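# Analysis of the macromolecular model
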Amino acid sequence: MLVKNSWKNKLVGILQALFVVFVFSLMYMPIFIIIYQSFNKTANSISPLSWGGFTFDNYIEIFTNRQLYTTILDSLLVSLWTTFVATIIGLFASIGINALSRKARKAMDALNDIPMLNSEIVTGISLMIIFSLLKPLIPGIFGFTSMFVAHIFFTVPYVILMILPKLEQTDETLFEAARDLGCSPASALFKVVIPSLGTAILMGALIAFTLSIDDFVISFYTQGNGFSNFSNYVYSSYTKKNFSAGSYAFNALLTFVTLGIVLFISLKTNKKGKEKK
Amino acid sequence: MKRFKGLAIPYFVWLVLLVVVPLLAMFALTFMQTNGTNLATAVFSLDAYKRMLDPSIYKALWNSLYVAVLTVVICILLGYPVAYFISFSKIKNKSLFLLLLILPMWSNSMLRIVSWLRLFSTDALAALNLVGTDAAVIFVTVTTYLPFMIFPIYTVLEKMDRGLIEASKDLGVPAWKTFLKITFPLSLSGVSSGTLMVFLPAATGFAISQTIGQGKVRLIGNLIQTVFEKNNYNFGSLLSIFVTVMILAVVGASSLFTGRRKH
């Protein structure tokens, strides 16, 4: 029976593989276009995607186009600070939420869910309204400050989402043991509980950075005074038709770097796994 | 660790300041006629509520629903088989597939939209006149949010007790029946969380409809954006509150369906 069906199984296997490849190619099409355009001499020509020859000029543009590198630096500034601060806030908020009584916990969870569930445009607008109400008090609020606060606001719930479940699984007796051995509550927290959350904290930081660097809508409403981010640069320069092909190059570069890091890590963990066997 | 309760207080205050206060401010704005957020010239008015009766709003709501529902359906049709095939394949390095799923998300979403726009305008595809159509908006929304559908389904399938499927097989149940009676019902929780994760951004987004739709595909997000652009914060606030209430209703209904999700 197995032998009889083997060609049939093979055919089904091939069809399945083809389907998977087809769906993945749909998701990867824009990535391929970005990489193609990053080396394309005529990336900005009127006839779209026509190949004008191979060049590194677009990569050089990242460092020479002032508008482009300013937004890239602005983006990195906001996202790196957001990652750092949101992870810390998320960590301590998680420790606090974990200690709450059941009833208080429920209210807190619901409130913490709102930034994740609500539409980005509503989040962006409600923050913009708050910042414009504060503007008479803090005149320079629009720009780095507003975008930074906004990014912390929408990334912290995701950090908590990563850390809190892990914290709930943490063995409380570890904390008690550290206390019994003479640790103060704070040092028991820093020496025992927080180190046990290592991967969750890292995941939280990673998700915060990913969301922050890619954000368009919330930054759209909280940018100002010449301070913007990469997504908004792409949007506005594309609509104003002064789009720099260096954008493709920057994005392609980012893809290559993240791919490199990820491959490096997976190769290393693979090796480790094999050594263990 | 109960003593650290106090650490939740600053974050609670922060959430109140940035979630509750803006919602209250918006609610107040709906009853006024103001110039932006300048309250000095504010007068009481119910104009915002009168404008809710405008047919353009129902059109935008209908478009949002239409785009989001179709996006979800196509995402399930494409995403479920992919999650299933990968989960049930004999390939050893499955984590590589997960990586391949995340990788597109590390490319800037706006630039990905622009790339699709360039592709749709090439000589080969220009004849189809895709730019500015519902179909193109739905297509790009699907390709953008597909990982959010594949992920939860894949996770549920991986966690599933394979012994059940083996047992069904041993009892002589045909494969398609095993799938319909065991695998699929057990994976529904993945499908429902994927649906929520795709439906909400698809229904309320405005970047894709603005860029690919070129102003011809107007979703509720585009409507809100234009209203605020015209400095009508009163009507805009009402629409925003309306969207928030709708989202909370959808989420509430879906959590009633699937039981309270665990944190």
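Notes on the structure follow. Since the model is a prediction, treat every value here as computed from it, not as a measurement. (Residues numbered from 1 in each chain as written. Chains lettered and ligands numbered in written order. Predicted model: local features only at pLDDT ≥ 70, side-chain atom pairs only at ≥ 80, totals over all residues.)

## Some details on the overall build of chain B
What chain B contains, in helices and strands, is twelve helices and two strands. Each helix (α) and strand (β) of chain B, taken in turn from the N terminus, gives the series α-β-β-α-α-α-α-α-α-α-α-α-α-α. C-alpha extents for chain B along the principal axes are approximately 75 × 65 × 30 Å. Nonlocal contacts in chain B, meaning residues at least 24 apart in sequence, comprise 75% of its contacts between residues at least 6 apart. (Helix = DSSP H or I, 4+ residues; strand = E, 2+ residues; numbered from the N terminus. Contact = placed C-beta atoms within 7 Å.)

## What about the packing of helix 3 (residues 55-88) of chain B against helix 9 (residues 175-204) of chain B?
All names here are of chain B. Contact pair helix 3 / helix 9: the axes reach a minimum separation of 9 Å and the direction vectors enclose 140°. For helix 3 against helix 9, the interelement crossing comes out right-handed. Side by side, helix 3 and helix 9 meet where S64, L65, V67, A68, T71, V72, C75, I76, G79 and Y80 of the first sit next to V191, G194, T195, V198, F199, A202 and A203 of the second. (Axes fitted to C-alpha atoms, helices over the stretch in contact; angles between N-to-C directions. Left-handed = near helix turned anticlockwise from the far one by under 90°.)

## Side note on the environment of B:M52
Residue and element names in this part refer to chain B. Checked against the element boundaries, M52 lands in the loop between helix 2 (47-51) and helix 3. When the 13 C-beta atoms within 10 Å are taken as the criterion, M52 is described as partly exposed. Separated by 186 residues in sequence, M52 and L238 have C-alpha atoms that sit 8.4 Å apart. Not counting the four nearest positions on each side in its chain, M52 is found in contact with I57 and L238. (Buried ≥ 20, exposed ≤ 12 C-beta atoms within 10 Å, placed from the backbone.)

## What to know about the nonpolar core
If you look at soluble globular proteins, the nonpolar side chains tend to sit buried side by side. Ranked by internal contacts, the top residues of the largest apolar core, which has 129 residues, are A:L127 and A:I163. When residues in this core are grouped by element, the largest group, 14 residues, is from helix 7 (residues 134-159) of chain B. Here A:I163 is in contact with A:G90, A:L91, A:S94, A:L197, A:A200, A:I201 and A:G204, once residues within four sequence places are set aside. (Core = buried A, V, L, I, M, F, W, Y, C linked by C-beta atoms within 7 Å.)

## Re the packing of helix 3 of chain B against helix 7 of chain B
Residues and elements named next belong to chain B. At a minimum axis separation of 6 Å, helix 3 and helix 7 run at an interaxial angle of 40°. In terms of their interaxial angle, helix 3 and helix 7 are classed as oblique. Of the two possible hands of crossing, helix 3 and helix 7 adopt the one that is right-handed. In the contact of helix 3 with helix 7, the residues fall into 21 nonpolar, four polar and two charged. (Parallel < 35°, antiparallel > 145°, perpendicular 65-115°, else oblique. Nonpolar A, V, L, I, M, F, W, Y, C, P; charged D, E, K, R; others polar.)

## Observations regarding the interface of chain B and chain A
Across the boundary between the two partners, chain B contributes 63 residues, which contact 65 residues of chain A. Looking at which element gives the most residues to the side of chain B that touches chain A, the answer is helix 1 (residues 8-30) of chain B, with eleven residues. Its residues assigned to classes, the side of chain B that touches chain A comprises 40 nonpolar, 17 polar and six charged.

## Here's the deal with the pairing of strand 1 (residues 32-35) of chain B
Residue and element names in this part refer to chain B. Summarising the sheet, strand 1 and strand 2 (residues 38-44) pair through three bridges and their orientation is antiparallel. Across the sheet, the residue bridging to N35 is N38, located in strand 2. Taken together, strand 1 and the strand that follows it, strand 2, pair antiparallel across an intervening segment of two residues, in which G36 is found at a positive phi of about 65°. (Pairing = 2+ DSSP bridges.)

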